[in-house]
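Structural characterization, general
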Amino acid sequence: MSATIVDRATGPWDLRLQLVTDERVERPRLRRAVDAAVDAGAGVVQLRAKGASAREQLDLLAELDAVIAGRAALIVDDRLDVALAARDAGLRIAGVHLGQSDVPPTTARRLLGEGALVGWTANTLEHFAAAAVLPAGTLDYLGVGVIHPTATKPGHPPALGVDGFRALAAHAPLPCVAIGGVTEVDAGELVAAGAAGVAVVSRICAADDPAGAARAIADAVGIGVGVGVGVGVGIEAAVGTAAEAGPRIAAQVGILARADGSPGTGAGDPVSAANEGIVR
Ligand SMILES: Cc1ncc(COP(=O)(O)OP(=O)(O)O)c(N)n1
Ligand SMILES: Cc1ncsc1CCOP(=O)(O)O
Ligand SMILES: [Mg+2]
């Protein structure tokens with residue numbers, strides 16, 4: 001048995017906790033929140049700055065890249081052009097999170113490459129059906145919500161609640177990241193309901209104690225279980241829904257062992273495997 005070192009800036013991706021930046025928060029505070037979230041184990045940081053110009057987003061990405069320092073994947077909301085320009089400027093940009101009205105995920109995959117992280121918003125069975133017919137390997141995950149009403153996204157779709165999420169996610173062709181009003185109160189329930197992870201804006205970015213909030217959510221989604229000990233028992237565990245979605249996904253749902261060498265709870269269960277699949 002040997003420890004597996006994962007470069008979290010380049011994958012495989014840990015989807016259990018994604019910090020999405022809050023454009024209402026001042027930059028120094030935002031930098032602290034990002035640092036705290038990554039310290040707590042967030043595997044993905046998404047720049048969401050809808051009011052910012054492309055140049056402003058590039059500046060922000062440079063700041064975030066410096067704070068993250070390769071400890072997590074940095075992705076961009078909506079803007080494939082900005083993601084590509086930031087890469088061109090030498091920043092570590094893992095990929096994008098696209099909405100239904102953004103450029104097609106197939107374009108993003110083609111331009112960002114096989115190793116990129118590409119997420120797509122999907123809130124309905126129709127969205128799931130559209131995701132399911134994309135070429136295998138186009139998408140890494142679906143962003144599903146909102147779970148609760150949230151002021152962070154005005155005009156958001158109807159709130160699913162945890163039960164609605166469970167019912168919807170049961171039909172998902174890819175790992176689902178739950179978003180919208182998520183806190184430590186229900187992050188664990190969402191994982192139990194089938195989420196590969198949660199995406200969080202205000203509970204961390206606007207918290208008085210972002211480090212405490214990030215740690216509480218990280219604990220709730222099981223980050224920290226089996227840290228540092230990995231064995232190669234992931235391939236069998238990866239058979240099932242996620243693996244059927246394509247070989248890229250199967251490769252991401254490797255299983256880890258606990259410190260005593262026994263397999264993690266993901267063995268034989270691809271959803272749990274997805275939640276436990278990264279050794280750091
Ligand atoms: C992880 C995750 N899921 C969903 C969204 C929502 O993205 P989108 O539909 O593009 O809406 P905006 O964020 O652009 O308002 C997301 N950003 N992240
Ligand atoms: C970007 C986005 N998409 C759906 S809800 C949401 C915002 C979630 O923010 P918060 O975690 O503050 O509720
Ligand atoms: Mg978007």
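Just so we're clear, the structure is a prediction, and the values are computed from it rather than from any experiment.

**Structural notes on the site of ligand 1**
The immediate surroundings of ligand 1 are formed by 15 residues, with Gly 99, Thr 121, Gly 143, Ile 179 and Ala 199 found nearest. Mapped onto the shell around ligand 1, the elements with two or more residues apiece are β1 (17-20), β5 (117-121) and β7 (176-179). Looking at the shell around ligand 1 residue by residue, the class counts come to four nonpolar, seven polar and four charged.

**Some points on the UniProt feature "binding site: Mg(2+)" (unreviewed entry) in the protein**
In the numbering adopted here, UniProt assigns the feature "binding site: Mg(2+)" (unreviewed entry) to Asp 78 and Asp 102. The greatest C-alpha distance among the residues just named is 6.0 Å, despite their covering 25 residues of sequence, which places them together in space. Within the fold, Asp 78 resides in the loop between β3 (73-77) and α3 (80-88). Ignoring any residue separated from it by four or fewer positions in sequence, one finds Asp 78 in contact with Leu 98, Gly 99 and Asp 102. With respect to the helices and strands, the residue Asp 102 is situated in the loop between β4 (95-98) and α4 (105-112).

**Here we look at the site of ligand 2**
Every one of the 16 residues lining ligand 2 counts as a neighbour, but Thr 150, Thr 152, Gly 180, Val 201 and Ser 202 are closest to it. Looking at the shell around ligand 2 residue by residue, the classes come out as six nonpolar, seven polar and three charged.

**Here's the deal with the sheet that holds strand β6 (residues 141-145)**
Here we have eight strands rolled up into a closed barrel, ordered β1-β2-β3-β4-β5-β6-β7-β8, and parallel in their pairing. Each strand of the sheet is rotated relative to its neighbour by a mean of 25 degrees, with strand direction disregarded. Of the pairings in the sheet, the one linking β3 to β4 comprises three bridges and is parallel in character. Across the sheet, the residue bridging to Val 76 is Val 96, located in β4.

**Remarks on α3**
Residues of α3 that are buried: Leu 80, Val 82, Ala 83 and Ala 86. Projected down its long axis, α3 shows its buried positions confined to an angular sector of 165 degrees, all on one face. Those residues of α3 that are buried lie in contact with α2 (54-68), β3, β4 and α4. Within two residues after α3, Gly 90 carries a phi angle of roughly 95 degrees, on the positive side.

**Observations concerning the packing of α2 against α3**
At a minimum axis separation of 10 Å, α2 and α3 run at an interaxial angle of 50 degrees. Judged on the interaxial angle alone, α3 and α2 are oblique. Handedness of the α2/α3 crossing: right-handed. Note on element contacts: α3 touches α2 through Asp 81, Val 82, Ala 85 and Ala 86, opposite Ala 54, Gln 57, Leu 58 and Leu 61.

**Focus: the environment of Pro 135**
Looking at the element boundaries, Pro 135 is found in the loop between α5 (125-132) and β6. In this structure, the C-alpha to C-alpha distance between Pro 135 and Pro 105, residues 30 residues apart in sequence, is 10.0 Å.

**Digging into the environment of Cys 205**
Of note, Cys 205 is situated in helix α8 (residues 202-205). Separated by 87 residues in the primary sequence, Cys 205 and Val 118 have C-alpha atoms spaced 23 Å apart. The contacts of Cys 205, once residues within four sequence positions are left out, are Thr 21, Asp 22, Val 25, Leu 30, Ala 33 and Pro 210.

**Thoughts on the nonpolar core**
In terms of nonpolar packing, the biggest core is built from 78 residues, with Ala 37, Val 45, Val 177, Ala 178 and Val 198 touching the most fellow members. Counting residues per element, this core draws most heavily on helix α1 (residues 27-40), at seven residues. Non-local contacts of Val 177, meaning those with residues more than four positions away in its chain, are made with Leu 15, Gln 18, Gly 119, Tyr 141, Gly 143, Val 144, Ala 195, Ala 196, Gly 197, Val 198 and Ala 199.

**Describing the UniProt feature "binding site: 4-amino-2-methyl-5-(diphosphooxymethyl)pyrimidine" (unreviewed entry) in the protein**
In the UniProt entry, the feature "binding site: 4-amino-2-methyl-5-(diphosphooxymethyl)pyrimidine" (unreviewed entry) is given for Gln 46, Leu 47, Arg 48, Ala 49, Lys 50, Asp 77, Thr 121 and Lys 153. Looking at where Leu 47 falls in the secondary structure, it is placed in strand β2 (residues 44-47). Residue Leu 47 is classed as buried on the basis of its C-beta count, with 29 C-beta atoms lying within 10 Å. Apart from residues no more than four positions distant in its own chain, Leu 47 is found in contact with Thr 21, Gln 57, Leu 60, Leu 61, Leu 64, Val 76 and Asp 77. With respect to the helices, strands and loops of the structure, Ala 49 is situated in the loop between β2 and α2. When near neighbours in sequence (up to four residues on either side) are disregarded, Ala 49 contacts Thr 21, Glu 23, Glu 56, Gln 57 and Leu 60.

The rules behind the values
- Residues numbered from 1 in each chain as written.
- Chains lettered and ligands numbered in written order.
- Predicted model: local features only at pLDDT ≥ 70, side-chain atom pairs only at ≥ 80, totals over all residues.
- Near = placed C-beta within 6 Å.
- Helix = DSSP H or I, 4+ residues; strand = E, 2+ residues; numbered from the N terminus.
- Nonpolar A, V, L, I, M, F, W, Y, C, P; charged D, E, K, R; others polar.
- UniProt positions renumbered as here; feature names shortened; annotations may be inferred.
- Contact = placed C-beta atoms within 7 Å.
- Pairing = 2+ DSSP bridges.
- Axes fitted to C-alpha atoms, helices over the stretch in contact; angles between N-to-C directions.
- Buried ≥ 20, exposed ≤ 12 C-beta atoms within 10 Å, placed from the backbone.
- Arc of directions from axis to C-beta.
- Parallel < 35°, antiparallel > 145°, perpendicular 65-115°, else oblique.
- Left-handed = near helix turned anticlockwise from the far one by under 90°.
- Core = buried A, V, L, I, M, F, W, Y, C linked by C-beta atoms within 7 Å.

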